[in-house]
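A closer look at the structure
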Amino acid sequence: MNIRIEAIKKEIQPLCDQILNHNLYASIKTIEDLRVFMKYHVYAVWDFMSLLKSLQNNLTCTTIPWYPVGSPDTRFLINEIVVGEESDVDMNNVRKSHFEIYIDAMNQVDADCKSIIQFIEQLKNGSGFSAAYAASDVPDAARKFVDQTFSIIHSGEVHCMAATFTFGREDLIPGMFMSMVNDLHDHNPNTISIFKYYLERHIEVDGDHHSHLAIAMTEQLCGEDDAKWKAATEASVAALKSRISLWDAALNEILN
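In this text the structure is predicted, and so the values were computed from the model without any measurement.

**Observations regarding the environment of Val158**
- Structurally, Val158 can be placed in helix α9 (residues 158–167).
- Residue Val158 is classed as buried on the basis of its relative accessible area of 16%.
- Note: C-alpha distance between Val158 and Thr218 (60 residues apart in sequence) is 9.1 Å.
- Setting aside residues no more than four positions away along its own chain, Val158 makes contact with Leu55, Asn58, Leu59 and Leu221.

**Points about the environment of His159**
- Relative to the helices and strands, His159 is located in helix α9.
- For the pair His159 and Met178, spaced 19 residues apart in the sequence, the C-alpha separation amounts to 32 Å.
- His159 has contacts with Leu221, Cys222, Lys228, Ala231 and Ala232, leaving out every residue within four places of it along the chain.

**Comments concerning the packing of aromatic side chains**
- The full count for this structure, using the stated rule, is 14 aromatic pairs.
- For the ring pair Phe129 and Tyr133, a centre distance of 6.0 Å and an interplane angle of 65 degrees mean the geometry is edge-to-face. Taken together, the positions of Phe129 and Tyr133, both in helix α7 (residues 129–136) and four residues apart, correspond to about one turn of that helix.
- With a relative accessible area of 24%, Phe129 lands in the partly exposed category.
- Taken together through their ring pairs, the aromatic side chains of Tyr25, Phe37, Tyr102, Phe177, Phe195, Tyr198 and Trp247 make up a single cluster.
- When the ring centre of Trp247 is taken as reference, the NZ or CZ atom of Arg243 above it lies at 5.0 Å.

Rules used in this analysis
Residues numbered from 1 in each chain as written. Predicted model: local features only at pLDDT ≥ 70, side-chain atom pairs only at ≥ 80, totals over all residues. Heavy atoms only, no water. Helix = DSSP H or I, 4+ residues; strand = E, 2+ residues; numbered from the N terminus. Buried < 20%, exposed > 50% of the residue type's maximum accessible area, 1.4 Å probe, protein only. Contact = heavy atoms within 4.5 Å. Phe/Tyr/Trp six-rings, centres within 6.5 Å; stacked < 30°, edge-to-face > 60°. Lys NZ or Arg CZ within 6 Å of the ring centre and 35° of its normal.

The structure is reproduced here in structure tokens:
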């Protein structure tokens, strides 16, 4: 593997360990606890898709008239990831994005998804982020998490977007969390079957194939530029710290 990628992984390993060993997972013991977790986590699922589409907009031509943009290799990498994330299949083999599958899971478990839906509707109708947050009662920690991601998007630094996407991803799911989900599923098969499917599908698709594609994309965008690798490392660190803060907030709400 690229020694620069190894250097980023070494730098962020303590933060990854904090996420993987976070007390949040052990605190999720009931369906009610899971509902709280999903209320926060759904914003990470949504802004992950926004980051993905921002990369596609920057690395490929998404306007008319079409003309070649950037490297064919990076075009291929990002487009393949987009296909899997934006048009995967649900449990019934129906085409859906991973975000839409997550909303289905929230509805099945009776988690509160009104906030995220209203937030997106506000944005679709032209509201700015501050107004959309206020109108949708978005949790403060989720606001800060989304703002961190969009600060990277608005920076225009594509190598930082790629690093955030690659190393601040959704594949930091510990085995103990999956064991907990499986246990809850055994007792409530008709309540969290979609969420269980979402996690398994995410691990299967994102944790392996998409992860390798994302690493290759980051390597190509940073090249041999020391400044880009430094910025990519800093972006990855910021993304993981933001995730820890989101997990802290979900844990606090479950405990209190």
